[in-house]
Amino acid sequence: MKAIQPVSIWANGSNSQATQLSLTIVSDNLSTSATLYYQLLSEDGIQLAQGNLTIDGEEYQTWGSSSDVNNEAYVIAATKLSLILID
C-alpha cells in the first residue's frame, strides 16, 4: 500500500478523501501483460473505489526490468489513475 495525494471520491452519498492506493496482482502471463486490482482507500482503510488495470506492451517490459518491481507497479498504476504518490 502507498500513500497518495488526497483525492475526493463520491462514495455512499458523500464526498470522502482517498489517501491510500492498494494493489494486488490478479494475473500475469509472465510474458506480455499483467492485470492488477486496485483499491483507493480512506485514511481509515475504507474502500472508496476499486477496479482493474492492465500493464502491457512497453510498460510491461519496463516494469519487468525495474530494480524494484513493487514500487514500479505503484508508479504505473498511479500514472494510469492520475494519482500522485507521496514518498
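Here is what the cut-offs are and how they apply
Residues numbered from 1 in each chain as written. Predicted model: local features only at pLDDT ≥ 70, side-chain atom pairs only at ≥ 80, totals over all residues. Heavy atoms only, no water. Salt bridge = Lys/Arg side-chain N within 4 Å of Asp/Glu carboxyl O. Helix = DSSP H or I, 4+ residues; strand = E, 2+ residues; numbered from the N terminus. Pairing = 2+ DSSP bridges. Core = buried A, V, L, I, M, F, W, Y, C linked by side-chain atoms within 4.5 Å. Buried < 20%, exposed > 50% of the residue type's maximum accessible area, 1.4 Å probe, protein only. Contact = heavy atoms within 4.5 Å. Axes fitted to C-alpha atoms, helices over the stretch in contact; angles between N-to-C directions.

Chemist: Provide a residue-level description of the pattern of salt bridges, including the pertinent values.
Modeler: Summed over the entire model, instances satisfying the criterion amount to one salt bridge. Ionic pairing is found between K80 and E59, a salt bridge with its closest N-O pair at 3.2 Å. Of this pair, K80 sits in helix α2 (residues 69-80) while E59 sits in helix α1 (residues 57-65), and the two are 21 residues apart along the sequence.

Chemist: An account of the pairing of strand β3 (residues 33-41) is requested, with residue identities and associated values reported.
Modeler: When strand β2 (residues 14-28) meets β3, the two strands line up antiparallel, connected through eight bridges. In the strand pairing of β3, S22 is matched with Q39. With antiparallel pairing between neighbouring strands as the criterion, β2 and β3 make up a hairpin whose turn holds four residues, including L30 at a positive phi of roughly 60°. Here β3 runs beside strand β4 (residues 47-56); their pairing, made up of nine bridges, is antiparallel. Looking at the pairing, Q39 lines up with Q50 of β4. Turn length for the β3-β4 hairpin, with the two strands adjacent in sequence and antiparallel, is five residues, and the turn residue G45 shows positive phi of about 85°.

Chemist: Account for the nonpolar core, naming residues and giving values.
Modeler: L21, L23, L40, I55 and W63 are the most contacted members of the largest nonpolar core, which totals 21 residues. When residues of this core are traced back to their parent elements, those giving at least two are β1 (2-11), β2, β3, β4, α1 and α2. Ignoring any residue separated from it by four or fewer positions in sequence, one finds W63 in contact with I25, D28, A34, I55, V69, E72, A73 and I76.

Chemist: Talk me through the sheet that holds β1; I want residue IDs and the actual numbers.
Modeler: What the four strands build is an open sheet, ordered β1-β2-β3-β4; its pairing is antiparallel. Taken across any chain shown, the strands that pair with only one partner, and hence form the sheet edges, are β1 and β4. Pairs of neighbouring strands in the sheet enclose a mean axial angle of 35°, with direction left out of account. Running at roughly 95° to β4, α1 makes contact with β2, β3 and β4 of the sheet.

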